[in-house]
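Each chain, letter by letter, is given below.
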Amino acid sequence: PLKAMATTTKEDRLEKGNQAQVDLFGPHMKGFYLSGPEESRHINKWLADNCFGDYYTRRGLDDRQREMMTFCFLAAQGGCGPQLTSHAAANIRIGNDRQFLIRVISQCLPYIGYPRSLNALRCVNEVEDAQS
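Notes on the structure follow.

Cut-offs applied
- Residues numbered from 1 in each chain as written.
- Predicted model: local features only at pLDDT ≥ 70, side-chain atom pairs only at ≥ 80, totals over all residues.
- Heavy atoms only, no water.
- Helix = DSSP H or I, 4+ residues; strand = E, 2+ residues; numbered from the N terminus.
- Expected span 1.5 Å × (residues − 1).
- Buried < 20%, exposed > 50% of the residue type's maximum accessible area, 1.4 Å probe, protein only.
- Contact = heavy atoms within 4.5 Å.
- Polar contact = N/O pair within 3.5 Å; in protein donor to acceptor, adjacent residues only side chain to side chain.
- Axes fitted to C-alpha atoms, helices over the stretch in contact; angles between N-to-C directions.
- Parallel < 35°, antiparallel > 145°, perpendicular 65-115°, else oblique.
- Nonpolar A, V, L, I, M, F, W, Y, C, P; charged D, E, K, R; others polar.
- Phe/Tyr/Trp six-rings, centres within 6.5 Å; stacked < 30°, edge-to-face > 60°.

### So, helix α3 (residues 63–77)
Then, number 1: Relative to the 21 Å expected for 15 residues at 1.5 Å per residue, α3 spans 21 Å between its end C-alpha atoms, a close match to the ideal helical length.
Then, number 2: Turning to α3, its buried residues number three or more, namely R66, E67, T70, F71, C72, L74 and A75.
Then, number 3: Buried residues along α3 sit against α1 (13–25), α2 (41–56), α4 (81–93) and α5 (98–131).
Then, number 4: N-capping of α3 is provided by D62, with a side-chain oxygen placed 3.1 Å from the backbone N of R64.
Then, number 5: Just downstream of α3, G78 is the residue with a positive phi angle, here 75 degrees.

Here it is, written out as structure tokens:
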């Protein structure tokens, strides 16, 4: 069995998860878990402490690998355009450039099909267009 990869505790996973969001997506994510309507704000908190605090902070993968995998998972799921665009931007921000993401989409195409691949490419292009 692998040794434990966790780097957070129940006490600090929210703080470390929010910092991971800031590191990947930018300073506008600071305190994002406190935003949104009160009745659904808990989902933003779960995103910060569970998804980013528990998973994104683990050892074993670096940020570039983890973001590439997240991009693949979102592309394969379909119907995740806003999230896929955000993660395309995060990929580019940390060094997985447009050409790299196009190669990733090309490798995924036989498994996820043309519609989802074209949607993923559209998200990458949206990020590039916004940065131009």
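### Observations concerning the packing of α3 against α5
Then, number 1: Their axes nearest at 11 Å, the elements α3 and α5 cross at an angle of 115 degrees. Taken together, the axis directions place α3 and α5 in an arrangement best described as roughly perpendicular. Between α3 and α5, the residues in contact are M68, F71, C72, A75, A76 and Q77 and F100, L101, V104, I105, C108, I112, R116, A120 and V124, respectively.
Then, number 2: When grouped by side-chain class, the residues that make up the contact of α3 with α5 number 13 nonpolar, one polar and one charged.

### Details of the environment of Y55
Then, number 1: Counting through the fold element by element, Y55 comes out in helix α2.
Then, number 2: Overall, the relative accessible area of 41% leaves Y55 in the partly exposed class.
Then, number 3: Once the C-alpha coordinates of Y55 and H42 are considered, the two residues, 13 residues apart in sequence, prove to be 18 Å apart.
Then, number 4: Residues in contact with Y55, not counting those within four places in the same chain, are N50 and R66.

### Digging into the packing of aromatic side chains
Then, number 1: Considering all chains together, one arrives at two aromatic pairs under this definition.
Then, number 2: Note on F25 and F52: the rings are 5.9 Å apart at their centroids and 80 degrees apart in plane angle, and the pair reads as edge-to-face. You can see F25 sitting in helix α1 and its partner F52 sitting in helix α2, a full 27 residues away along the chain. Across the pair, F52 and F25 agree in class, each one buried.
Then, number 3: Summarising the aromatic geometry, the rings of F52 and Y56 are spaced 4.4 Å apart at their centres and angled 35 degrees between planes, so their arrangement reads as tilted. Remark: Y56 and F52 occur in helix α2; sequence separation between them is four residues, near one turn of the helix.
Then, number 4: Each residue in the set F25, F52 and Y56 is aromatic and connected to the rest through ring pairs, giving one cluster.

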